[in-house]
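Okay, here's what each chain looks like letter by letter:
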Amino acid sequence: MSLQIDTEFGRHALIFRLKGELDHHTADQVRRQMEEAIAKSRVPHVIFNLKELQFMDSSGLGVFLGRYKLVNSMGGKMVLCDVNPSVYRLFEMSGMFKIVAVEPDEASAISSLEVVS
């Protein structure tokens, strides 16, 4: 299976919706696509909606950690939302939730960033 990324340039945040599998086969493509979108956007914050991300391995964790560092260096915030339970467990075990906010849904993620903006 492959990975599809839907990108939305919102008023307060760049929103990425991932569908499929994020693994060593798709990580480089995803990394490039996200970096291009982040460079083009005029908003500092990024939301990742992971409702339809079915699978992720350690390569995926690397993608998210790298985007966190990039967004953080630009003065923005990164929020994960609607995380699939199996992917949630991987984030939890990695300790990622100690540095990245997680919200139950996209509306909550947007609201949390509006408070920050």
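Shown above is the structure to which this text applies.
Residues numbered from 1 in each chain as written. Predicted model: local features only at pLDDT ≥ 70, side-chain atom pairs only at ≥ 80, totals over all residues. Heavy atoms only, no water.

**Points about unusual backbone geometry**
Step number 1: Phi at aspartate 82 is positive, roughly 50 degrees, even though this residue is not glycine.
Step number 2: Residue position: aspartate 82 is located in the loop between β4 (78-81) and α3 (85-94).
Step number 3: On the basis of relative accessibility, which here comes to 23%, the residue aspartate 82 falls in the partly exposed class. (Helix = DSSP H or I, 4+ residues; strand = E, 2+ residues; numbered from the N terminus. Buried < 20%, exposed > 50% of the residue type's maximum accessible area, 1.4 Å probe, protein only.)

**Section: the environment of phenylalanine 91**
Step number 1: Note on placement: phenylalanine 91 falls in helix α3.
Step number 2: Expressed as a C-alpha distance, the spacing of phenylalanine 91 and phenylalanine 64, which sit 27 residues apart in the sequence, is 9.8 Å.

**Structural notes on the packing of aromatic side chains**
Step number 1: The tally for this structure, following the rule as stated, stands at five aromatic pairs.
Step number 2: Aromatic side chains tyrosine 88 and phenylalanine 97 sit 4.7 Å apart centroid to centroid with 45 degrees between the ring planes, which places their arrangement in the tilted category.
Step number 3: Phenylalanine 97 gets classed as partly exposed once you look at its relative accessible area, which sits at 21%.
Step number 4: Of the aromatic side chains, those joined through ring pairs into one cluster are Phe16, Phe48, Phe64, Tyr88, Phe91 and Phe97. (Phe/Tyr/Trp six-rings, centres within 6.5 Å; stacked < 30°, edge-to-face > 60°.)

**Considering the pattern of salt bridges**
Step number 1: By the definition in use, this model includes seven salt bridges.
Step number 2: With a closest N to O distance of 2.6 Å, glutamate 35 and arginine 67 form a salt bridge. Within this pair, whereas glutamate 35 is found in helix α1 (residues 27-40), its partner arginine 67 is found in helix α2 (residues 58-73), the two being separated by 32 residues in sequence.
Step number 3: Note on arginine 67: relative accessible area 5%, which makes it buried.
Step number 4: In the salt-bridge network here, residues are joined through shared partners; they are Asp6, Glu8, Arg17 and Glu106. (Salt bridge = Lys/Arg side-chain N within 4 Å of Asp/Glu carboxyl O.)

**A look at the side chain of aspartate 57**
Step number 1: Within the secondary structure layout, aspartate 57 lies in the loop between β3 (45-56) and α2.
Step number 2: As a buried residue without a salt bridge, aspartate 57 has its nearest oppositely charged side chain in arginine 31, at a separation of 8.8 Å.
Step number 3: A polar atom in the side chain of aspartate 57 sits 2.9 Å from the backbone nitrogen of serine 59.
Step number 4: Dropping the residues within four chain positions of it, aspartate 57 is found in contact with Leu22, Asp23, His24 and Leu90. (Lys, Arg positive; Asp, Glu negative; His and termini not counted. Polar contact = N/O pair within 3.5 Å; in protein donor to acceptor, adjacent residues only side chain to side chain. Contact = heavy atoms within 4.5 Å.)

**Quick look at α2**
Step number 1: Here α2 spans 23 Å end to end across 16 residues, near enough to the 22 Å set by a 1.5 Å rise per residue.
Step number 2: Within the sequence span of α2, burial applies to Gly60, Leu61, Val63, Phe64, Arg67, Tyr68 and Val71. Mapping the buried residues of α2 onto a view down its axis gives an arc of 155 degrees, with all of them on the same face. Those residues of α2 that are exposed and angled more than 90 degrees off the buried face are Ser58, Lys69 and Ser73.
Step number 3: On its buried side, α2 packs onto β2 (13-22), α1, β3, β4 and α3.
Step number 4: N-capping of α2 is provided by aspartate 57, with a side-chain oxygen placed 2.9 Å from the backbone N of serine 59. (Expected span 1.5 Å × (residues − 1). Arc of directions from axis to C-beta.)

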